[in-house]
Structures are given as structure tokens and as C-alpha cells.
Amino acid sequence: MPDYEGPLRQLVAADLGHEAPTVLITNQLRRSVATLIGRYAQRMLIENGIEDGIDFFHMDALSSAVALKVTCDLQLTLMASSLYRLLGSRLGHGYETAKARHLFRDFIEAAAGVTMTATDLEVRFQKRAHNPLLLAAEFDRIDVRVPWLGHKRLRFIFG
């Protein structure tokens, strides 16, 4: 690191889930080795989550070299990933830790009929094995007004 001025600390850790040892270079001189490796592990989990989201949403090749577009792509991916996490946590039953592709397969990738009346936007899902979990999470009781559709009430109907 020829352009960095100041003391650095180098740590080498084996068995962190990689074939080769992991080399950490830090300017944190007072923190314990355990604290530094724990922080690295937290960052690795975050990066793996972003990688999973980008892989799932088919964004492994970002659409533009323009920084603003890259930022937008990443932001949309992170928002979608967060919405899947929210869905999983609301469903419970082990879905709290499910990957986005699993949640998509079990709950999102489904046929539905959409009917719009003067006051409602109704989404009617076919019978599916996972519908009882959606009912238990009270998705059938959602009462949300959609501002950009003239404040129509959104309703989900299952089976």
C-alpha cells in the first residue's frame, strides 16, 4: 500500500470458509484479533447477501458503466432483497432465513387474476400449498390504499 501513510496491521486467518487463508490488512491497531475477525465475518455475510440478491435478480452484469446507473441498480437490488427478508420474517415457519429465490418460488411465482373496480384492486390467487402460511400471516387482511391508482383498496384473495 504505497500511498498509505501510517502503521498497518496484517492478520492471516485459516478456515474462514475459503480454500486459501484470509489476509486482513487494517489500521485498527488496538482492537483484538477476535474482534477484527468477527467484524470481517459480519461484512462477509453482508457481501454474500448482496451477491445472492444480484445473482437472483439476474444483475450479475450491471447495465451501465455510469456510476449513477450502477448505484440505482444496486439500490433496487438491495430494496428487493429487503422486501424478501420482510416477507420471510412475516411468514415465519423457517422462512426468516430463506433465500430470495426460495421465497419467490414458494410465494411469488404464482398465477393470479387481477380485477380493478371503481374502489378496489383485487388480486385473486389460485389454490396453492403455501396459501395457509399467507393466510396465517394475515395477507388476506391487508387494507392498503394505492395512491397512484386513485386510492383504490388493495385486496388479496387466496384460493
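Residues numbered from 1 in each chain as written. Predicted model: local features only at pLDDT ≥ 70, side-chain atom pairs only at ≥ 80, totals over all residues. Heavy atoms only, no water.

1. Quick look at the overall build of the protein chain
Regarding its fold elements, the protein chain presents 4 helices and 6 strands. The buried share among the 159 residues of the protein chain stands at 27%. Pairs at least 24 residues apart make up 38% of the contacts formed inside the protein chain by residues separated by at least 6 positions. Approximately 11400 Å² of the protein chain is accessible, and the part contributed by carbon and sulfur atoms is 57%. (Helix = DSSP H or I, 4+ residues; strand = E, 2+ residues; numbered from the N terminus. Buried < 20%, exposed > 50% of the residue type's maximum accessible area, 1.4 Å probe, protein only. Contact = heavy atoms within 4.5 Å. Areas by Shrake-Rupley, 256 points an atom, 1.4 Å probe, with all protein chains shown as cover.)

2. Brief notes about unusual backbone geometry
Phi is positive for histidine 93, which is not a glycine, with a value near 55°. Mapped onto the elements, histidine 93 comes out in the loop between helix H2 (67-91) and helix H3 (100-108). Phi at glutamate 138 takes a positive value of approximately 65°, unusual for a residue other than glycine. Position of glutamate 138 among the secondary structure elements: in the loop between helix H4 (131-136) and strand E5 (144-146).

3. Quick word on the environment of isoleucine 37
When you line up the elements, isoleucine 37 lands in helix H1 (residues 33-56). The exposure class of isoleucine 37 is partly exposed, given its relative accessible area of 23%. Along the sequence, isoleucine 37 and valine 12 sit 25 residues apart, while their C-alpha atoms lie 9.7 Å from each other. Ignoring anything within four residues of it in the chain, the contact list for isoleucine 37 reads Ala13, Leu16 and Leu24.

4. Topic: the nonpolar core
The tendency in soluble globular proteins is for nonpolar side chains to be buried as a group. Counting 19 residues, the largest nonpolar core has Leu87, Leu91, Tyr95, Leu103, Phe107, Leu134 and Phe139 as its most contacted members. Contributions of two or more residues to this core are made by H2, H3, strand E4 (120-125), H4 and strand E6 (152-158). Those residues within four positions of tyrosine 95 in sequence are excluded, and the remaining contacts are Arg85, Gly88, His102, Leu103, Asp106, Phe107, His130 and Leu133. (Core = buried A, V, L, I, M, F, W, Y, C linked by side-chain atoms within 4.5 Å.)

5. Describing the pattern of salt bridges
Under the defined criterion, the tally for this structure stands at 6 salt bridges. As a salt-bridge pair, glutamate 138 and arginine 141 come within 3.3 Å of each other at their nearest N and O atoms. Given a relative accessible area of 40%, glutamate 138 falls into the partly exposed group. Looking at arginine 141, the relative accessible area reads 60%, which means it is exposed. Put simply, Asp120, Glu122, Arg124 and Arg155 are held in one network by salt bridges that share partners. (Salt bridge = Lys/Arg side-chain N within 4 Å of Asp/Glu carboxyl O.)

6. Structural notes on the sheet that holds E5
Sheet strands line up and pair through hydrogen bonds in the backbone, either parallel or antiparallel. What the 4 strands build is an open sheet, ordered E3-E4-E6-E5; its pairing is mixed. Of all the strands in the sheet, the pair left with one neighbour each is strand E3 (112-116) and E5. Going across the sheet, the axis of each strand differs from the next one's by a mean of 30°, ignoring polarity. Both E5 and E6 contribute to a ladder of 3 bridges, which runs antiparallel. Directly across from valine 146, in E6, lies its bridge partner lysine 152. (Pairing = 2+ DSSP bridges. Axes fitted to C-alpha atoms, helices over the stretch in contact; angles between N-to-C directions.)

7. So, the confidence of the model for the protein chain
Of the residues in the protein chain, 86% have a pLDDT of 70 or more, and the chain-wide mean is 83. Of the regions scoring below 50 in pLDDT, residues 59-68 engages in 11 contacts with residues more than four places distant in sequence or in other chains. (pLDDT = per-residue confidence, 0-100.)

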